[in-house]
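Coordinate inspection notes
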Amino acid sequence: MSSTTDDQQRDQSAERFLRLVQERRRGRLKIYIGLAAGVGKTYRMLQEAHDLLQHGVDVVLGYVVTHGRAGTEAQQQGLPTLPRKQIFYKGRMLEEMDVQAILQRRPSVVVVDELAHTNVPGSLNEKRWQDVEQLVKAGISVISAVNVQHLESLHDQVQKITGTDVQERVPDQVLKLADEVVNVDLTVPELRTRLEEGKIYDLQKVPSALKNFFQPENLLQLRELALREVANQLGRQIETDAAGAPAVAPQRRNADRLLACINTNARAAKEIIRKTSRLADRLGGAKWYVLYVQTPAESADRVGLAAQRHLINNLQLATELGGQILRVKADHVVTEVRRVAAEKNVSLLICGVTGSKNWWARLTRRGVTNDLIRQVARHTQDLDIYLVTY
């Protein structure tokens, strides 16, 4: 693709975002997403900032991290930059984005890098995505960036792909609130070449990165996740636009309802909740519930405090991902699951099953999930079960 065509596309992107900024009082949110560090997200944000500035837009840099990359640092030149806030923590002076200064300055657009970043204790908000939400609610439009592995609902998939437990994560709801999501794509060979040339990390870190996170198979799967996420976002936007337009013909509303069944097994519950969130998205934003049935065996006096805390955290995770929480007390889990499924008109149950290489042994052993499968197969029509292996 020629540089002229690239310039034209950037101009069109900047003009499109400018129109969004001018349309309403609530700030707009644009997120650049990529498969990994080094694909060029920060570079693209800075290019857009220059384009907006040339259109006369009051745009400032709220927080940008160049990682010492020469090309990115060159793009930063000539752009208005707000000073960072200094916070003294554990004997060190650290810097964070000054949210209050941005709110007082009230630019039309602010560039905020590293959406998944955890702020230093003592900051206005715990997470940078919370800073961004606050700015958008205040009427300031934000351009930000994140890597796909930081999305909350993809945590388990990313861990299985890369072996990395990503600690800093962004709730999917933040991405769903974005007015635009743009994939910054790079082929796997191109990305690995950039890494080998020292354009992503210091050269001494390159051999380890190539053998671990930046393995070709890892990057191919992460690239697929990023492309799929942007495609899902585009689908949601199309549905939203169609809903706001005059109806030409009757529109079929999504009737699918999902029910995730969890217990106090913390790891299994996390995987089930995240998988249900992803399935609901793929079904066009289907409504979904998370059901926890507290049996006498899981009463407060029989379950440890750690398990109770993990349960509360998982229910909070479900809320952040868009699920509705259902907590009931009952003697028989299977009976209660079937009752709730009928009451909520659920079409798909999502349950956990322990991993086993022998599928027949897995499905014939006794247990709540297996009993539920048998009951549904015998007595319930129009209800499917999706098994999540943990």
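The structure under discussion appears in the preceding block.
Described in the following lines is the structure provided in the data block. (Residues numbered from 1 in each chain as written. Predicted model: local features only at pLDDT ≥ 70, side-chain atom pairs only at ≥ 80, totals over all residues. Heavy atoms only, no water.)

Side note on the overall build of the protein
Tallying secondary structure elements over the protein gives 15 helices and 12 strands in all. Evaluated residue by residue, the protein yields a buried proportion of 47% over its 390 residues. Put simply, 72% of the contacts in the protein that link residues at least 6 apart link residues at least 24 apart. By element, 49% of the accessible surface of the protein is carried by carbon and sulfur atoms, the whole surface being about 20,100 Å². (Helix = DSSP H or I, 4+ residues; strand = E, 2+ residues; numbered from the N terminus. Buried < 20%, exposed > 50% of the residue type's maximum accessible area, 1.4 Å probe, protein only. Contact = heavy atoms within 4.5 Å. Areas by Shrake-Rupley, 256 points an atom, 1.4 Å probe, with all protein chains shown as cover.)

A closer look at the packing of helix α11 (residues 266-282) against helix α12 (residues 305-320)
Where α11 contacts α12, the two axes come as close as 10 Å, and the packing angle between them is 5 degrees. In terms of axis orientation, α11 runs roughly parallel to α12. Facing Ala266, Ala269, Lys270, Ile273 and Arg274 of α11, the residues of α12 in contact are His310, Asn314, Leu317 and Ala318. Residue composition of the contact of α11 with α12, grouped by class: 5 nonpolar, 2 polar and 2 charged. (Axes fitted to C-alpha atoms, helices over the stretch in contact; angles between N-to-C directions. Parallel < 35°, antiparallel > 145°, perpendicular 65-115°, else oblique. Nonpolar A, V, L, I, M, F, W, Y, C, P; charged D, E, K, R; others polar.)

A closer look at the sheet that holds strand β6 (residues 141-147)
Reading across from one edge, β2-β5-β6-β1-β7 is the order of the 5 strands in this open sheet, with parallel pairing throughout. In this open sheet, the two edge strands, each paired with only one partner strand, are β2 (59-63) and β7 (180-183). Averaged over all pairs of adjacent strands, the angle between their axes in this sheet comes to 20 degrees, without regard to strand direction. Summarising the sheet, strand β1 (residues 29-34) and β6 pair through 6 bridges and their orientation is parallel. Each residue of the ladder has a partner; that of tyrosine 32, found in β6, is alanine 145. Here helix α2 (residues 41-54) sits on the sheet in contact with β1, β2, β5 (109-112), β6 and β7, set at roughly 165 degrees to β6. Relative to β5, helix α5 (residues 128-137) is tilted by about 175 degrees, and along the sheet it contacts β1, β2, β5 and β6. (Pairing = 2+ DSSP bridges.)

Quick look at the pattern of salt bridges
In total, this model carries 20 salt bridges according to the counting rule given. Put simply, arginine 28 and aspartate 179 hold a salt bridge, and the shortest N to O gap is 2.6 Å. Here aspartate 179 lies in the loop between α7 (172-177) and β7 and arginine 28 lies in the loop between α1 (3-23) and β1, a separation of 151 residues in the sequence. Aspartate 179 matches arginine 28 in its accessibility class, with the two residues each being buried. The residue arginine 84 makes a salt bridge to glutamate 95 at a minimum N-O spacing of 3.7 Å. With arginine 84 in the loop between α3 (70-76) and β3 (85-89) and glutamate 95 in strand β4 (residues 92-96), this residue pair connects regions lying 11 residues apart in the sequence. For glutamate 95, a relative accessible area of 40% puts it in the partly exposed group. Counted as one network, the salt bridges with shared partners bring together Glu152, Asp156, Arg169 and Arg274. (Salt bridge = Lys/Arg side-chain N within 4 Å of Asp/Glu carboxyl O.)

Comments concerning the nonpolar core
Leu135, Leu191 and Phe214 are the most contacted members of the largest nonpolar core, which totals 70 residues. Examining the composition of this core, we find that 5 residues originate from one element, helix α10 (residues 216-244), more than from any other. Not counting residues up to four positions away in its chain, the partners in contact with phenylalanine 214 are Ala36, Ala37, Leu191, Arg192, Leu195, Ile200, Tyr201, Ala209 and Leu219. One finds Ile262, Ile272, Ala286 and Leu311 within the second-largest nonpolar core, a separate group that totals 20 residues. (Core = buried A, V, L, I, M, F, W, Y, C linked by side-chain atoms within 4.5 Å.)

Quick look at the pairing of strand β8 (residues 257-262)
Most of β8 is tucked away, with 5 of its 6 residues classed as buried. With 3 bridges joining them, β8 and strand β11 (residues 348-353) adopt parallel strand pairing. By the bridge assignment, alanine 260 is partnered in β11 with isoleucine 350.

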